[in-house]
There are 2 protein chains.
Amino acid sequence: MTDTYLNTQSSLSMKGSGYYSAKTAGAKNAIDKTQKVIENALQTIPSNEILKFADFGSADGGTSQEMWSNIIKIIRDKGDNRQIEILYTDLASNDFSTLFKTMQGMHGNANFAFQKNFKNIYVHGCGTGFHEQLMSDDSLTLGFSATAMHYVSERPCLIENHVHMTGANESEKKLFTKQANKDWETILLNRSKELIKGGRFICINFGIDEQGRCLGNTGGHIMFNNFSKNWKYLEDQGIISNQEYINATFTQHYRTVEEFRAPFDNKDSAISKSGLILKSCETMITECPYKIHYLNNKNTMSPQDYARTLIPTMRSWSETVFRNALVDRTEREINEIVDKFYNLYIDEVSNDPEGHAMDYVHVIMDIEKAY
Amino acid sequence: MTDTYLNTQSSLSMKGSGYYSAKTAGAKNAIDKTQKVIENALQTIPSNEILKFADFGSADGGTSQEMWSNIIKIIRDKGDNRQIEILYTDLASNDFSTLFKTMQGMHGNANFAFQKNFKNIYVHGCGTGFHEQLMSDDSLTLGFSATAMHYVSERPCLIENHVHMTGANESEKKLFTKQANKDWETILLNRSKELIKGGRFICINFGIDEQGRCLGNTGGHIMFNNFSKNWKYLEDQGIISNQEYINATFTQHYRTVEEFRAPFDNKDSAISKSGLILKSCETMITECPYKIHYLNNKNTMSPQDYARTLIPTMRSWSETVFRNALVDRTEREINEIVDKFYNLYIDEVSNDPEGHAMDYVHVIMDIEKAY
């Protein structure tokens, strides 16, 4: 953790290649905790001639690299030298060059550059969204996806008095739920086609746990409410328009455990009929690594120091929503407004850090293509 | 041809996305002419459950897009709806985002966006050089490669009195030949592993034909000699150092037909033993599209107009060699020197265009994994 944190620190000012991974130490920790589920699954997957893995919504591959490297090491240490194809998928605009370089040891942590460190590993990429089928029928041994499927394939409406569906009104929430249910079915049906019989799809997704907790909302301040409050403040100050306030709507849905389970619990659903069964479904909290580091280093870190590590990690994945909400603005105006927006959050945390954090709330599912 | 040319024209000033393809209309024409060879091969390849294609050294996929689209259309028009996976390979630094967008119809000519226009097509990328094995054993139905394998995996030496192996002295040429032979064996052995039994590898490579002709050397001025002459002129003028002159050495080898054939003609070679046989080997000249356009439009085009279309196409693939030859220079100096270098060529062609062109000389090989 310390190493990860230090890496994150040293690259805080570095945008561009590797930026996403460095900013998302927590996402990495959540993945690392899932390794056991994958190890267990691999013990029961039928033995095919080749192993075909996929990492859906992988971004630059940085957050899951260590996990995949560990899994491959376990396979090889057992004397299993089968050829392994691993397909990384994300949108076409994804930084596949950094991804390929990372696995070859030309970027990032060479200790986990598994393409270089092990034999017979073939790393491929796919620039098509995971709402579609991405490879041939009956070819995938084990699919994995981390922190990616909360993005819905289209935004069903703008949210009028908030920025995120967790704060939407009932009718807005209904539209998001409908879209998310439809997407979840599409995602699963396509994975069902791709998987070999006995293959597994293990995913950890942002969601809402049994206690109603979700990302940045685990007891203290609620991150998305803060985004909303500060964005509204910019409207109140006349810095952005009401339409720009409304435009900032995350194209995301945090599914509840029930929503995730629904197609499996219904034996007549298209998902169940396609052969998929749910082996396990659990929720998991991964504490904000920035918060932990701050609490362990209060003697040397000021609240402002903490704010200046916490807010950038939030900014890394949320910034585009606020940038794109702005209408007919110059690049310079956009930069100024968005800087101002995140600085409000930094100021608030600097004044009183208590209860501010970005804890992760994941729903871990182990899905089998049983028949 | 005219359409292609116009597309090329309109984007002459556009660098970045699609730049490579727009500048390489001739490379595209050469590929289009190879389509028949691929069509013929597909008629005899054994019928597998899925079709797996690969395009080795594809760059952004633009030059071969129409050809692949035509091939897929022919397959589908026959009522063959098998799933098709196509793997595009190039170095990790390649622009895979433009490639993926192109096949999905988000970039370039949507008429040939085959992933969008046909069903059950899965487009994947691989950022590892083709000197290595890039996918599982016994999985590739048909591999293709155009104008890519003249790059040797490492530069065996710098060339002292020229910029390209076609102008190197005997001892230098020997080193390049040795490297190229070794690379060719490695390339073929890896394709042999990847191919299914009965699968085909069809490649069109820059090379030297039976009459000693090669790229930009088909009877008139010799392009690489001109590069060399102008680069030497900059040295003579004190603009670059002698070391910088020498540093400009293309990491390329133009193989002769004999060199391409050698491992097949020897039945005891590792290639032959691996099961590869050569079905056909031909040379092909593709006339410079800029030259043709100029000859057809002499009434409206000046020699200078011609020079200003011809030299950029040369510059698109050669510029990095000259940039990287410069030592301890600022970006601004590098730009100035390289602009000056290509302007010398523009001036020469503007003064007398006769005999200046970049005709393509390819060796087309149809290789079968026979056993």
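Being a predicted model, the structure only gives us computed values, none of them experimental. (Residues numbered from 1 in each chain as written. Chains lettered and ligands numbered in written order. Predicted model: local features only at pLDDT ≥ 70, side-chain atom pairs only at ≥ 80, totals over all residues. Heavy atoms only, no water.)

Undergrad: Can you explain the packing of helix 8 (residues 223-236) of chain A against helix 13 (residues 303-325) of chain A? Please cite residues and give values.
TA: Residues and elements named next belong to chain A. Where helix 8 meets helix 13, the closest approach of the two axes is 13 Å, and the angle between their N-to-C directions is 35 degrees. As for the relative orientation of helix 8 and helix 13, their crossing is right-handed in sense. Here Met-223, Phe-224, Phe-227 and Trp-231 of helix 8 come into contact with helix 13, specifically with Met-314, Trp-317, Ser-318, Phe-322 and Ala-325. When its residues are assigned to classes, the contact of helix 8 with helix 13 shows eight nonpolar, one polar and no charged. (Axes fitted to C-alpha atoms, helices over the stretch in contact; angles between N-to-C directions. Helix = DSSP H or I, 4+ residues; strand = E, 2+ residues; numbered from the N terminus. Left-handed = near helix turned anticlockwise from the far one by under 90°. Contact = heavy atoms within 4.5 Å. Nonpolar A, V, L, I, M, F, W, Y, C, P; charged D, E, K, R; others polar.)

Undergrad: Which residues make up the pairing of strand 5 (residues 195-208) of chain A, and what values go with them?
TA: Residue and element names in this part refer to chain A. Across the 14 residues of strand 5, 13 count as buried, placing the element largely inside the fold. The parallel pair strand 4 (residues 140-146) and strand 5 is bridged by helix 7 (residues 170-194), and the resulting crossover is right-handed. Relative to strand 8 (residues 360-369), strand 5 runs antiparallel, the two being bridged by seven bridges. The partner of Arg-200 across the bridge, within strand 8, is Glu-368. Across two bridges, strand 5 lies against strand 6 (residues 255-256) in parallel orientation. Each residue of the ladder has a partner; that of Gly-207, found in strand 6, is Arg-255. (Buried < 20%, exposed > 50% of the residue type's maximum accessible area, 1.4 Å probe, protein only. Right-handed = clockwise from strand over helix to strand, strands pointing away. Pairing = 2+ DSSP bridges.)

Undergrad: Let's hear about the pairing of strand 8 (residues 360-369) of chain B: which residues, and what values?
TA: Residue and element names in this part refer to chain B. Here strand 8 lies mainly inside the structure; ten of its ten residues are buried. Residues Tyr-360, His-362, Ile-364, Asp-366 and Glu-368 line one face of strand 8 and the alternating positions Val-361, Val-363, Met-365, Ile-367 and Lys-369 line the opposite face, and both faces are buried. For strand 7 (residues 276-286) and strand 8, the ladder comprises ten bridges, and the chain directions are antiparallel. The residue bridging Met-284 from the neighbouring strand is His-362, located in strand 8.

Undergrad: Explain the relation of the copies chain B and chain A to me, using residue names and the numbers behind them.
TA: Both copies of the chain are placed relative to one another by a rotation about an axis and a shift along it. The transform that puts chain B on chain A rotates by 180 degrees and translates by 0.0 Å along the axis, for an RMSD of 0.0 Å. Taken together, the turn and the small shift mark the pair as related by a two-fold rotation axis. The rotation axis passes nearest to the C-alpha of Gly-125 of chain B in chain B, at a distance of 2.4 Å. (Least-squares fit on C-alpha atoms with pLDDT ≥ 70 in both.)

Undergrad: Before we move on, could you go through the interface of chain B and chain A and cite the residues and values that matter?
TA: Residue-level contacts link 27 residues of chain B with 26 residues of chain A. Interface area, chain B with chain A, both sides summed: about 2,100 Å², of which 45% is carbon and sulfur. Linking chain B with chain A are two salt bridges, by the criterion used here. For Glu-85 of chain A, the salt bridge is made with Lys-52 of chain B, and the minimal N-O distance between the two is 3.7 Å. At the boundary of chain B with chain A, the tally comes to 21 residue pairs in polar contact (both at pLDDT 80 or more). Put simply, the parts of the chain that give the side of chain B that touches chain A at least two residues each are strand 2 (84-89), helix 5 (96-104) and strand 3 (121-126) of chain B. Residues that form the side of chain B that touches chain A fall into these classes: ten nonpolar, 13 polar and four charged. (Buried area = accessible area lost by both parts, 1.4 Å probe. Salt bridge = Lys/Arg side-chain N within 4 Å of Asp/Glu carboxyl O. Polar contact = N/O pair within 3.5 Å; in protein donor to acceptor, adjacent residues only side chain to side chain.)

Shape is all these values report; function is a separate question.
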